[in-house]
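Observations on the three-dimensional arrangement
If you want the building blocks of each chain, they are given just below.
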Amino acid sequence: MAWRTTKNRRQGGGELGTEAEPDGNSRILVAYFSQTGNTEEAAREIQTVAGGDLFEITVVNAYPNSYQATVDRAREELDNNARPALSSSVSNMENYDVILLGYPIWWHTEPMAVNTFLESYDLTGKTILSFCTSGGSSISESMPDIREIAGARGASVGTGLTANSLSESTIQNWLNENGVR
């Protein structure tokens, strides 16, 4: 399925953010947050198998390019249970039944921007399947938070996938295990 984004412009020409618009009758949204490109690559591989629309979760105040500065900011956000403002949003979230939600593991859990994303929508009746990229942690460390936050918004949460090394069969098995295919 195709996807498109529209860029919202501030008066004076600055970009305010992007908004996803479902194309046709898509029921799967592959939403991801990626700092270095690893999670984006995993999201694209998953979309190739699962289909659906691709959406990047972006923040208003971009993370620094410096690894250490990003680590420090991520730790501060986690310690403060922060909810960074997002510069992207999904229009017509009601059109989706399944959200394949990707993120890197930062400090043994999902980035706080992912929590902002989940808390931004009514997820009643939707299924959330998380996938992560990580240098050493598995998806299981982030799943309690995802279950709590998504559950409070009305979603059911399936099993997660650590997506550091993907194959079509790994993705297909994960989708089948969760009743998506």
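These remarks concern the structure in this document. (Residues numbered from 1 in each chain as written. Predicted model: local features only at pLDDT ≥ 70, side-chain atom pairs only at ≥ 80, totals over all residues. Heavy atoms only, no water.)

1. Let's talk about the overall build of the protein chain
Helix and strand content of the protein chain: 5 helices and 9 strands. Along the chain direction, N to C, the helices and strands of the protein chain fall in the order β-β-β-α-β-α-β-β-α-β-α-β-β-α. Relative to its full complement of 181 residues, the protein chain shows a buried share of 48%. In the protein chain, once contacts between residues fewer than 6 apart in sequence are set aside, the share between residues at least 24 apart is 74%. Carbon and sulfur atoms provide 43% of the accessible area of the protein chain, an area that totals close to 8,700 Å². (Helix = DSSP H or I, 4+ residues; strand = E, 2+ residues; numbered from the N terminus. Buried < 20%, exposed > 50% of the residue type's maximum accessible area, 1.4 Å probe, protein only. Contact = heavy atoms within 4.5 Å. Areas by Shrake-Rupley, 256 points an atom, 1.4 Å probe, with all protein chains shown as cover.)

2. Comments concerning the packing of helix 3 (residues 112-119) against helix 4 (residues 143-152)
For the pair helix 3 and helix 4, interaxial distance at closest approach is 9 Å and the crossing angle is 20°. Here helix 3 is positioned roughly parallel relative to helix 4, judged by the angle of their axes. In this structure, helix 3 meets helix 4 at a crossing whose hand is right-handed. Of helix 4, the residues touching helix 3 (which contributes Val 114, Asn 115, Leu 118 and Glu 119) are Ile 146, Ile 149 and Ala 150. The residue inventory of the contact of helix 3 with helix 4, partitioned by class, reads 5 nonpolar, 1 polar and 1 charged. (Axes fitted to C-alpha atoms, helices over the stretch in contact; angles between N-to-C directions. Parallel < 35°, antiparallel > 145°, perpendicular 65-115°, else oblique. Left-handed = near helix turned anticlockwise from the far one by under 90°. Nonpolar A, V, L, I, M, F, W, Y, C, P; charged D, E, K, R; others polar.)

3. Thoughts on the nonpolar core
Judged by nonpolar contacts, the single largest core of 31 residues is most densely connected at Leu 29, Ile 99, Leu 101, Tyr 103, Phe 117, Leu 118 and Ile 128. If we ignore the near neighbours within four places in the chain, the residues touching Phe 117 are Leu 29, Ala 31, Phe 55, Ile 57, Leu 86, Val 90, Met 93, Ile 99 and Leu 101. Within the second largest apolar cluster, 20 residues are counted, among which are Val 98, Leu 129, Leu 161 and Trp 174. (Core = buried A, V, L, I, M, F, W, Y, C linked by side-chain atoms within 4.5 Å.)

4. Digging into the packing of aromatic side chains
Taken as a whole and assessed by the stated rule, the structure comprises 6 aromatic pairs. Taken together, a centroid distance of 5.1 Å and an interplanar angle of 80° make the contact between Tyr 63 and Trp 106 edge-to-face. With Tyr 63 in the loop between strand 4 (53-56) and helix 2 (67-79) and Trp 106 in the loop between strand 6 (98-104) and helix 3, the pair connects residues that are 43 residues apart, well separated along the chain. Note on accessibility: Tyr 63 and Trp 106 belong to one class, buried. In this structure an aromatic cluster arises from ring pairing among Phe 33, Tyr 63 and Trp 106. (Phe/Tyr/Trp six-rings, centres within 6.5 Å; stacked < 30°, edge-to-face > 60°.)

5. As for helix 4
Turning to helix 4, its buried residues are Met 143, Ile 146, Ile 149 and Ala 150. Angular distribution of buried residues about the axis of helix 4 spans 135°; they occupy a single face of the element. Pointing more than 90 degrees away from the buried face of helix 4 are the exposed residues Pro 144, Glu 148 and Ala 152. Of the surrounding secondary structure, the elements contacted by the buried residues of helix 4 are strand 6, helix 3, strand 7 (127-133) and strand 8 (156-157). (Arc of directions from axis to C-beta.)

6. Some words on unusual backbone geometry
Positioned with a positive phi, Asn 81 is a non-glycine residue whose angle comes to about 50°. For Asn 81, the location among the structural elements is in the loop between helix 2 and strand 5 (88-90). On the basis of relative accessibility, which here comes to 48%, the residue Asn 81 falls in the partly exposed class. The backbone of Trp 107 sits at a positive phi, close to 55°, despite the residue not being glycine. Its place among the elements puts Trp 107 in the loop between strand 6 and helix 3. The partly exposed category is assigned to Trp 107, whose relative accessible area is 37%.

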